[in-house]
Amino acid sequence: MTHFVSAEEERRVRANDREYNEKFQYASNCIMTSKYNIVTFLPVNLFEQFQEVANTYFLFLLILQLIPQISSLSWFTTIVPLALVLSITAVKDATDDYFRHKSDNQVNNRHLLIITLIIQVLSWMNVRVGDIIKLENNQFVAADLLLLSSSEPHGLCYIETAELDGETNMKVRQSVSVTSELGDQNNLASFDGEVVCEPPNNKLDRFCGTLYWRDKKYNLTNQNMLLRGCVLRNTEACYGLVIFAGPDTKLMQNSGRTKFKRTSIDRLMNTLVLWIFGFLVCMGVILAVGNAVWEREVGSLFQSYLPWDPPVDNFLFSAFLSFWSYVIILNTVVPISLYVSVEVIRLGHSYFINWDQQMFCSQCNTAAEARTTTLNEELGQVEYIFSDKTGTLTQNIMSFNKCSINGQTYGDLTRLFVLLSGEATDPLRLDFTPFNPLADQDFCFYDDTLLESVKVGDSHTHEFFRLLSLCHTVMSEEKSEGELVYKAQSPDEGALVTAARNFGFVFRSRTPGTITTTEMGRPVTYILLAILDFNNIRKRMSVIVRNPEGRIRLYCKGADTVLLERLHPCNQELMNITSDHLNEYAADGLRTLALAYRDVSEDEWETWSESHRCADKATNCRDDRLAAAYEEIEQDMMLLGATAIEDKLQEGVPETIAVLSLANIKIWVLTGDKQETAVNIGYSCKMLTDDMTEVFIISGHTVQSVRQELRSGHRSGQLHVRLSGVSVSLHLGIHTDKEHSGQFALVINGHSLAHALEADMETEFVSTACACKAVICCRVTPLQKAQVVELIKKHKKAVTLAIGDGANDVSMIKSAHIGVGISGQEGIQAVLASDYSFAQFRFLQRLLLVHGRWSYLRMCRFLCYFFYKNFAFTMVHFWFGFFCGFSAQTVYDQYFITLYNIVYTSLPVLAMGIFDQDVPDKRSLEYPKLYEPGQLNLLFNKREFFICIAQGIYTSVVLFFVPFAVLSDATQSTGVPLADYQTFAVTTATALVIVVSVQIALDTGFWTVINHVFVWGSLGSYFTIMFALHSQTLFRIFPNQFHFVGSAQSTLLQPVVWLTIALATAICIVPVLAFRFLKVDLKPQLSDTVRYTQLVRQKKRKPIGRSGRLGARGGSRRSGYAFAHQEGFGELITSGKNMRLSSLALATFASRHSSSWIDTLRRKKHTHTHTPPSDTSQIV
């Protein structure tokens, strides 16, 4: 249900005063996500269904059939399939809405406590704005509340926001100090404060309001709010004032509809249906003109004993009615069952994805999930993949790997190998338990020299780990003595604090004003004076603490790019050494931070504290003033060292990327990490390779410099860049994607990307980027991720897929044609916004190369056969019109017309559309080139459509004229002529069913029991139903409905009839067989070659085993930095707000054999979509 932002300009809420609040008619806390109720379901659902053009079209046909003068078919021939389609859709909609009702009722009827003069138990739905409610531990927050007080000291409470933003880490909220003591029921019941705040909106991270109480006012921020959907954790109880209820809550304001996505086949199908309708009108006009001519030249001769039926009084009016009659008869060229069949097939494909055990992650007990049923076949057409890095390509499970302290590096395992007889032995994992009883048993580190440095009391090492134990926003929970559990808002923070814990500097607990640690076994409590919070602009955070000796010190950690420039000049030599270490760490793909400190005098602290207090209480430009205050004190710091955290690649990422690249899928990585880190991950996951010397880097800071970098490269044809001291040559004389796609890669920074995305430069950027094998965009924002996806959608006729795991990937996931969510460490928000989800990036190759390719193949084969069989069926009427005086007489029995699409031919084509496959799943992965026909849209396009139509028309010609010619002069064994209408109708219908059944048997590439039952069962059901409908029994009961009594029995007993059917079948099928045989023999497709290879393998030898893993890359140096953190926690605390690649040889075989025809088509495609520039100074 879509919720719109309220039109109110501000909201006024008075506590414990329902009468006052009801004047504003605020929404109640009852939510309703359902669409229907018992009364409105039928009219509303039918109205929605008839918004579909196809349903309206068939309703129009039904109305026409109710007009006797123009209808030669009974109304049930249309109403039965229409009612079936509407009923199936209605049942589906009703089922979905029933579960919405059930969910709504469950939520609305949860109970909570309302604080009045007495404590009342009410349902959520009965809560109103202005009520004060009591929440208990592990209870869901019922509405958007202003936190008034809590059972915790200082009005603190802890919440989990997984339902809001997908993050499972605990967050802290605190009440305004003036209300934090209102813990008594009587005080709360008499509280009459008034809140004036912003109107309802969907911004989860912002709230602005003012509390007026006792003639004073207090600023309110998001840190004072508990939002609906949160869960209270580790807090016995808290009390809150309802500010927004029901549909006005931020959770419901964010529950708008996801953008509806349609596949390219959907769009093509809609176009083709319009063409078919135009073709239908043309046939109707031709037959109407024929009727006019016939009635004028021939029909007038029979007027004496065969007059026109009223109100027809001339041949023109007769032609007019004849047109509508033929529109009714020929309407089956646009079958209503097409749309239902497509949905059933897509649903089946979705279940196959959900049931695939090879996409099930046993570690996290998570199965793959198709969260939509409308995009399956588009999975087989993807050309561009846009991927997040952290948590998608990597595990987002951080481990403290290396560090640099006072110019000395630790954790370099290559230094620790002990050479014995020329052999190397791995170092042993350090055991911290004897040294530190509070150590985390899961922490891994191998360099004992760092531990020794701590033990001997090296001051720099101690200060290094002291900083890590103090400078953070981690929350600690001590379940039992010494059993610490850290709740960190980012994995990076948790890894750093855990490292400090193991090396003897244990963070134990915090209050709004203190931090308690255990340093080398000795408890120490620091007074927390200020936290200078992290944000994406500062890229650093600091704490100011007073130690037990009274000395004030500032500790800072952050990006080397911002922290090193704020050091005291005396640090120059140490800074050079540490910078080298940072580059070395980043060369290993590690996420780095620099650490520094400075001492603060009492006078300086007092002066700065006052300026900080003024900035904090400012009502205008508060953020800017705070940033200026932070900048003032974060100067002239002393460098301590640097940390390096490892975020390992997920299992199978290099193999997956290698396979997808062989399928001609271009992979772009869009990450917020530093350029060097992203580039190094690119090498690690084989997007970039050591033999790829052409790495095109765009790093300009201005529009002119970015444009110059693009154009100078194209003008000179060769560009030299320096990356970590390595000169790289770039050859950019490109015109098509295919020619140079394997020659170079593109790396672009966020600030350069901002300029490249501008309207006057985007074409140049797309031209260069799309010619690259790999593209890496660094330091990009969530909005820029979405903009890059939209740019490719705009300029390239290609299907895009975006994959990510965090809330910052949601916009990219929603923008792409297909969105895939990784259920990883960053919550579930990406999954909730996605079309498909699974637990590991490596499952993407199976999703695309197996399920996607099969879905595309099946849907294309289904559509080709569906249009073929319906044209073969319908066009017989057209030819018959020339021999029946254009009287709109049908060829077939009306019951055959009704049942043809919903009984006789529906199940076989459904079985093919759901189960068919050309090659097994293992071969799909071994031969990635099999994926390319989908990218080029080869299996179903306008050309293939016209071929199907032509085959259908040819079949209809054979099915009409062969029986017509044979039966015209044929007689029964008794000498009675067979040239009667009923015999012709039965013969033609039987030949039609047999021909289309044989045709689908030829089209089916993978036979299952279900296929056999459906194909041969449908053929058997035709004869069974036909004999029943032509029986004496039904004729006696309904003499006016069943006119073909005895026709089937008498007709099918004649040998000449069966010879006629056999002849028609042979004429229809033999050319198809011959064409396919010649095509496979003379110009085989890759799938034909693979099937042949498989047969040879099965006969001669076992399948080839898998090759070894791709080797690890070495030798390339890159540097990197990452700091996964959020803004807001510092202020809260200080204020008390607290693949295995299958057979590369086979892949090479796949690229060599039978792919030249694909390459030819791809060149043709790019000739139209990528025009080469006429001037080297311009890029088109």
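Residues numbered from 1 in each chain as written. Predicted model: local features only at pLDDT ≥ 70, side-chain atom pairs only at ≥ 80, totals over all residues. Heavy atoms only, no water.

Observations concerning the overall build of the chain
Piece 1. A tally of helices and strands in the chain yields 41 helices and 37 strands.
Piece 2. When each of the 1180 residues of the chain is scored for burial, the buried share is 56%.
Piece 3. For the chain, the computed accessible surface area is about 49700 Å², with 57% contributed by carbon and sulfur atoms. (Helix = DSSP H or I, 4+ residues; strand = E, 2+ residues; numbered from the N terminus. Buried < 20%, exposed > 50% of the residue type's maximum accessible area, 1.4 Å probe, protein only. Areas by Shrake-Rupley, 256 points an atom, 1.4 Å probe, with all protein chains shown as cover.)

Some thoughts on the sheet that holds strand β30 (residues 694–698)
Two modes of strand pairing occur in sheets, parallel and antiparallel, and in both the strands are linked by backbone hydrogen bonds.
Piece 1. An order of β14-β37-β36-β35-β15-β29-β34-β33-β30 is seen for the nine strands of this open sheet, with the pairing classed as mixed. Taken across any chain shown, the strands that pair with only one partner, and hence form the sheet edges, are β14 (369–370) and β30.
Piece 2. Summarising the sheet, strand β15 (residues 382–387) and strand β29 (residues 666–670) pair through four bridges and their orientation is parallel. Each residue of the ladder has a partner; that of tyrosine 384, found in β29, is lysine 666. (Pairing = 2+ DSSP bridges.)

A closer look at helix α34 (residues 1009–1029)
One full turn of an α-helix is made of 3.6 residues, so residues set three or four places apart face in the same direction.
Piece 1. Helix length check: α34, at 21 residues, gives a terminal C-alpha distance of 29 Å against a target of 30 Å (1.5 Å per residue), a fit within 8%.
Piece 2. Maximal helix bending in α34 amounts to about 25°, located at glycine 1017.
Piece 3. Along α34, the residues classified as buried are Asn1011, Val1015, Ser1018, Leu1019, Ser1021, Tyr1022, Phe1023, Met1026 and Leu1029. (Expected span 1.5 Å × (residues − 1). Bend = angle between axes of the 7 residues up to and from the residue.)

A word on the pairing of strand β1 (residues 11–14)
Piece 1. Side-chain alternation along β1 places Arg11 and Val13 on a buried face and Arg12 and Arg14 on a face that remains uncovered.
Piece 2. Where β1 meets strand β8 (residues 194–197), four bridges bridge the pair, whose relative direction is antiparallel. Its bridge partner being in β8, arginine 11 is matched across the sheet by cysteine 197.

Here we look at the packing of aromatic side chains
Piece 1. Counting across every chain of the model gives 60 aromatic pairs.
Piece 2. Between the aromatic rings of tryptophan 275 and phenylalanine 946, the centroid separation amounts to 5.8 Å while the plane-to-plane angle is 20°, which identifies the pairing as stacked. Here tryptophan 275 is found in helix α8 (residues 264–297), whereas its partner phenylalanine 946 is found in helix α32 (residues 942–969), with 671 residues between them in sequence.
Piece 3. Residue tryptophan 275 is classed as partly exposed on the basis of its relative accessible area, which comes to 37%.
Piece 4. Residue phenylalanine 946 is classed as partly exposed on the basis of its relative accessible area of 47%.
Piece 5. A ring pair is formed by phenylalanine 400 and phenylalanine 445, whose centres lie 5.8 Å apart and whose planes are at 35°; its orientation type is tilted. (Phe/Tyr/Trp six-rings, centres within 6.5 Å; stacked < 30°, edge-to-face > 60°.)

Here we look at helix α11 (residues 448–455)
Piece 1. Among the residues making up α11, those that are buried are Leu450, Leu451, Ser453 and Val454. Relative to the axis of α11, the buried residues are bounded by an arc of 155° and lie together on one face.
Piece 2. Note on α11: the residue one or two positions beyond its end, glycine 457, has a positive phi of about 85°. (Arc of directions from axis to C-beta.)

Observations concerning the sheet that holds strand β9 (residues 209–213)
Piece 1. Ordered in space as β1-β8-β9-β10, the four strands form an open sheet in which the pairing is antiparallel. The two strands at the open ends of the sheet, each matched to only one other strand, are β1 and β10 (216–220). On average, each strand axis in the sheet is tilted by 20° relative to the strand beside it, whichever way the strands run.
Piece 2. Where β8 lies against β9, four bridges are found, and the strand directions are antiparallel. Bridge pairing in β9 places cysteine 197 opposite glycine 209. (Axes fitted to C-alpha atoms, helices over the stretch in contact; angles between N-to-C directions.)

Focus on the confidence of the model for the chain
Piece 1. Here the chain averages 81 in pLDDT, and 85% of its residues register 70 or above.
Piece 2. Low pLDDT (under 50) marks residues 715–742, which in the prediction has 73 contacts with non-local residues, meaning those over four places away or in another chain.
Piece 3. Scored below 50 in pLDDT, residues 1103–1125 makes 87 contacts in the model with residues more than four places away or belonging to other chains. (pLDDT = per-residue confidence, 0-100. Contact = heavy atoms within 4.5 Å.)

Focus on the environment of alanine 495
Piece 1. Checked against the element boundaries, alanine 495 lands in helix α13 (residues 491–502).
Piece 2. Separated by 94 residues in the primary sequence, alanine 495 and asparagine 401 place their C-alpha atoms 9.6 Å from one another.

So, the pairing of strand β27 (residues 591–600)
Piece 1. By the criterion of burial, β27 is predominantly enclosed, with nine of the ten residues buried.
Piece 2. Two strands pair when backbone bridges link them, and strand β26 (residues 552–558) and β27 are joined in this way by seven bridges, in the antiparallel orientation. Within β27, the residue paired with cysteine 556 across the bridge is alanine 596.
Piece 3. Where β27 and strand β28 (residues 638–649) come together, seven bridges link them in antiparallel fashion. Within β28, the position partnered with threonine 592 by the bridge is alanine 644.

Some points on a nonpolar patch on the surface
Piece 1. On the surface, Ile286, Phe882, Phe883, Phe961 and Phe964 cluster together into a nonpolar patch covering about 440 Å² of accessible area.
Piece 2. Take phenylalanine 964: it is sitting in helix α32.
Piece 3. Relative accessible area serves as the criterion here: at 32%, phenylalanine 964 is assigned to the partly exposed category. (Patch = residues over 30% accessible without salt bridge, like charges linked within 9 Å, V, L, I, M, F, W, Y side chains within 5 Å. Salt bridge = Lys/Arg side-chain N within 4 Å of Asp/Glu carboxyl O.)

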